[in-house]
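Residue-level listing of the chains:
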Amino acid sequence: MEDLKQQLVLNDRHYLRLIGVDKVEDFTAEQVNLATNLGFMQIHGEGLHICHLNLEGKEIAVEGKINAIGFSTRGGDEIKKHGKSFVRRLLK
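The model shown is predicted, which means the values in this text are computed figures rather than measured ones.

### Considerations on the environment of N67
Working step 1: Of note, N67 is situated in strand 6 (residues 59–72).
Working step 2: Once the C-alpha coordinates of N67 and I43 are considered, the two residues, 24 residues apart in sequence, prove to be 7.8 Å apart.
Working step 3: The contact partners of N67, leaving out residues within four places of it in the chain, are R13, H44, G45 and E46.

Quick look at the structure:
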């Protein structure tokens, strides 16, 4: 059975670390969209960038000014419409 534990640490609204990430759906400097083991997560802010990503370990770290964090258990369609997929952006 899949481990449904998740840990989110937010330091001073400028550094976020998450354990439990399955996939980076897409990202911009204003938004990071993630599929996690408990549903979907959106991180909104300014000057956001992914400073650490380890999908084998289900870990991600994001730096920048973090204004809001949202959670959803619905599908990722509403998340995907906000930008290109993570893989397409890497291969561009």
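Now that the structure has been shown, we can carry on.
### As for the side chain of D26
Working step 1: With respect to the helices and strands, the residue D26 is situated in strand 3 (residues 21–27).
Working step 2: A relative accessible area of 3% means that D26 is categorised as buried.
Working step 3: Here N33 takes part through its side chain, which lies 2.6 Å from a polar atom of the side chain of D26.

### Topic: the confidence of the model for the protein chain
Working step 1: Of all residues in the protein chain, 76% have pLDDT values of 70 or greater, and the mean over the chain is 84.
Working step 2: When the elements of the protein chain are averaged for pLDDT, helix 2 (residues 86–91) gives the smallest value, 47, and strand 2 (residues 15–19) the largest, 98.
Working step 3: Segment residues 86–92: pLDDT under 50, and 9 contacts once partners within four positions in sequence are set aside and those in other chains are kept.

### Observations regarding the sheet that holds strand 4 (residues 31–36)
Working step 1: Spatially, the 6 strands line up as an open sheet ordered 1-2-6-5-4-3, and their pairing is antiparallel. Of all strands in the sheet, those with a lone pairing partner are strand 1 (7–11) and strand 3, marking the two edges. Averaged over all pairs of adjacent strands, the angle between their axes in this sheet comes to 35°, without regard to strand direction.

### Some details on the pairing of strand 5 (residues 39–54)
Working step 1: Pairing analysis gives 6 bridges linking strand 4 to strand 5, with the strands arranged antiparallel. Of the residues in strand 5, the one forming a bridge with Q31 is H44.
Working step 2: Inspection of the sheet shows strand 5 paired to strand 6 by 12 bridges, in the antiparallel sense. For I50, the partnering residue across the bridge sits in strand 6 and is V62.
Working step 3: Hairpin connection between strand 5 and strand 6: a loop of 4 residues separates the two successive antiparallel strands, and K58 in this loop has a positive phi of roughly 60°.

### Things to note about the nonpolar core
Working step 1: With 13 residues, the main nonpolar core has L18, V32, L34, I43, L48, I60 and V62 as its most contacted residues.
Working step 2: Of all the elements in the fold, those that place two or more residues in this core are strand 2, strand 3, strand 4, strand 5 and strand 6.
Working step 3: Discounting residues that sit within four places of it in the chain, L18 has contacts with Q6, Q7, L8, L34, T36, M41, K58, E59 and I60.

What counts and how
Residues numbered from 1 in each chain as written. Predicted model: local features only at pLDDT ≥ 70, side-chain atom pairs only at ≥ 80, totals over all residues. Heavy atoms only, no water. Helix = DSSP H or I, 4+ residues; strand = E, 2+ residues; numbered from the N terminus. Contact = heavy atoms within 4.5 Å. Buried < 20%, exposed > 50% of the residue type's maximum accessible area, 1.4 Å probe, protein only. Polar contact = N/O pair within 3.5 Å; in protein donor to acceptor, adjacent residues only side chain to side chain. pLDDT = per-residue confidence, 0-100. Pairing = 2+ DSSP bridges. Axes fitted to C-alpha atoms, helices over the stretch in contact; angles between N-to-C directions. Core = buried A, V, L, I, M, F, W, Y, C linked by side-chain atoms within 4.5 Å.

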